[in-house]
Amino acid sequence: MKKDKKNRYRINMLPVWGVTALLSGAMALCAYILFTDLTVSLIAGAAALLPLRIKVRKEFESRYEKTMRREFVACLVSLSGSLSSGIRLEQCINEIAISDSSEFSHLRPEFERMSKLIQLNLPAERAFAELADRVPVSDIVLFSQALEYAIPAGVNLIELTRSFSSGMRIRNDVEAEITRTLNLPRYNNRIITVMPFLMIALMRFTAADYLTGLDGGIGTIVKICVAATIIAAMILGELLGNIKYAE
């Protein structure tokens with residue numbers, strides 16, 4: 001997974017489109033429950049495809065980036081421990097490459113590639129630069145840049161890796177706490193926005209006569225206003241819950 005010229009990751013689009021299609025189908029179903037019109041339902045599902053695709057892709061990218069950051073912290077901790085025992089950086093990279101630890105299962109193939117590059121006499125700092133090009137997560141890019149200047153300058157690599165791992169761990173902990181804090185109101189908002197459709201569906205199956213007044217004339221206008229209000233509430237809830245750690 002990489003970033004393209006628009007600073008976005010190139011990810012496998014198959015699961016993205018799969019989740020998008022599932023959510024779009026749910027939107028079409030909600031529209032059908034409200035309007036009982038297949039044409040309106042199809043239009044609603046089609047209209048939701050693009051914004052849902054953007055939202056789902058961003059969610060996949062966010063999960064990938066968090067995973068890479070978490071695993072890179074584990075890699076730095078391992079590097080720091082190995083460096084403290086007197087092992088050279090190149091050997092430390094190889095230790096991660098041959099490790100079977102699940103802490104950096106996603107990054108291990110990249111370290112295997114780095115180890116092979118080092119065996120071809122590529123300097124360790126250039127191997128990390130290659131890693132930053134292939135996995136352009138901000139923390140990895142920043143560390144590779146620091147390493148590129150630190151090694152020629154004779155900076156203490158043990159202190160460098162420790163300081164980076166400490167700062168990244170604090171950031172990950174803060175982001176996890178933000179996520180935990182926002183999860184409850186975010187899920188509450190989603191449940192509240194879905195509940196009207198569940199209630200209407202239940203009434204259509206049990207007491208359809210109560211809804212006949214909404215199936216024409218002024219009732220159609222009321223349903224359009226309700227749909228617009230629910231959509232606005234969904235968008236506002238997502239925006240209010242989009243709180244991120246400041247870079």
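Before reading further, recall that the structure is shown in the block above.
Scoring rules and cut-offs
- Residues numbered from 1 in each chain as written.
- Predicted model: local features only at pLDDT ≥ 70, side-chain atom pairs only at ≥ 80, totals over all residues.
- Heavy atoms only, no water.
- Helix = DSSP H or I, 4+ residues; strand = E, 2+ residues; numbered from the N terminus.
- Rg over C-alpha atoms; globule rule 2.2 N^0.38 Å.
- Salt bridge = Lys/Arg side-chain N within 4 Å of Asp/Glu carboxyl O.
- Patch = residues over 30% accessible without salt bridge, like charges linked within 9 Å, V, L, I, M, F, W, Y side chains within 5 Å.
- Areas by Shrake-Rupley, 256 points an atom, 1.4 Å probe, with all protein chains shown as cover.
- Expected span 1.5 Å × (residues − 1).
- Buried < 20%, exposed > 50% of the residue type's maximum accessible area, 1.4 Å probe, protein only.
- Contact = heavy atoms within 4.5 Å.

### What to know about the overall build of the chain
The secondary structure content of the chain amounts to eight helices and two strands. The linear arrangement of helices and strands in the chain, starting from the amino end, is β-β-α-α-α-α-α-α-α-α. Over its C-alpha trace the chain gives a radius of gyration of 25 Å, far above what one expects of a compact globule, namely 18 Å for 247 residues. Based on the C-alpha atoms only, the size of the chain along its principal axes is roughly 80 × 30 × 30 Å.

### What about the pattern of salt bridges?
Under the criterion given, the structure shown has eleven salt bridges. Notably, a salt bridge pairs R180 with E177, separated by 2.7 Å at the nearest N-O pair. Of this pair, R180 and E177 both sit in helix α7 (residues 157-206), three residues apart, roughly one helical turn.

### Points about a nonpolar patch on the surface
There is a patch of nonpolar side chains on the surface, built from I191, V194, M195, L198 and M199 and spanning about 440 Å² of accessible area. Along the chain, L198 falls in helix α7.

### What about helix α1 (residues 13-35)?
Between its first and last C-alpha atoms α1 spans 32 Å; for 23 residues at 1.5 Å apiece the expected length is 33 Å, and the two agree. Taken residue by residue, α1 has V16, T20, S24, A28, C30, A31, I33, L34 and F35 as its buried positions. On the buried face of α1, the contacting elements are α2 (38-84), α7 and α8 (218-240). T36 occupies a position one or two residues after α1 and carries a positive phi of about 50°.

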